[in-house]
Amino acid sequence: MISKEFTPKRTVCKVTLTLPEDWAKKEVVVAGSFNNWDTGSEKLEKKKGKWTTTLRLKPENEYKFKYLIDGERWENDDAADKYVPNEFGTEDSVINIGK
């Protein structure tokens, strides 16, 4: 699940990413164009039976991303705004942040 909430002046969009607990045993990391695909900076926290994190992203942009599950496999988000091909022959999830 992806939820988007703008700050009052709409200068930042808080994007909350939530995945079911059974997606991973140990950890979930989100990497994408918003963090230069860094697999060490945005870990999801396990809370109340779900994996979750909130990103602060700039409006009027599109961001590619994927989840790294247990350090082993890459997965897309079922709730992404769209999917685009990548250079590895698979697809990346995309979050579109409007105005």
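Criteria and thresholds
- Residues numbered from 1 in each chain as written.
- Predicted model: local features only at pLDDT ≥ 70, side-chain atom pairs only at ≥ 80, totals over all residues.
- Heavy atoms only, no water.
- Pairing = 2+ DSSP bridges.
- Helix = DSSP H or I, 4+ residues; strand = E, 2+ residues; numbered from the N terminus.
- Axes fitted to C-alpha atoms, helices over the stretch in contact; angles between N-to-C directions.
- Core = buried A, V, L, I, M, F, W, Y, C linked by side-chain atoms within 4.5 Å.
- Buried < 20%, exposed > 50% of the residue type's maximum accessible area, 1.4 Å probe, protein only.
- Contact = heavy atoms within 4.5 Å.

### Focus: the sheet that holds strand β4 (residues 45-47)
As summarised here, the arrangement of the four strands in space is β1-β2-β5-β4, forming an open sheet in which the pairing is antiparallel. Among the strands making up the open sheet, the edge pair consists of β1 (2-6) and β4. Geometrically, the sheet is characterised by an average inter-axis angle of 30° between neighbouring strands, direction not taken into account. Bridge analysis of β1 against strand β2 (residues 13-20) gives five bridges, and the strand direction is antiparallel. Across the sheet, residue Ile2 finds its bridge partner in β2, namely Leu17.

### Observations regarding the nonpolar core
Soluble, globular proteins show a tendency: their nonpolar side chains are buried together. Of all hydrophobic cores here, the largest spans 19 residues; its most connected members are Val15, Leu17, Val28, Tyr67 and Ile95. Mapped onto this core, the elements with two or more residues apiece are β2, β3 (28-32), β5 (50-57), β6 (61-69) and β9 (91-97). Those residues within four positions of Val15 in sequence are excluded, and the remaining contacts are Ile2, Ser3, Lys4, Thr53, Thr54, Leu55, Leu57, Ile95 and Ile97.

### Details of the pairing of β9
Of all seven residues that make up β9, five are buried, and the element is covered over most of its length. Strand direction decides the pairing type here: β6 and β9, joined by five bridges, are antiparallel. Residue pairing for β9: Lys64 is matched across the bridge by Val94. For strand β8 (residues 82-85) and β9, the ladder comprises four bridges, and the chain directions are antiparallel. By the bridge assignment, Tyr83 is partnered in β9 with Ser93. What sits between β8 and β9 in their antiparallel hairpin is a turn of five residues, with Gly89 showing a positive phi close to 85°.

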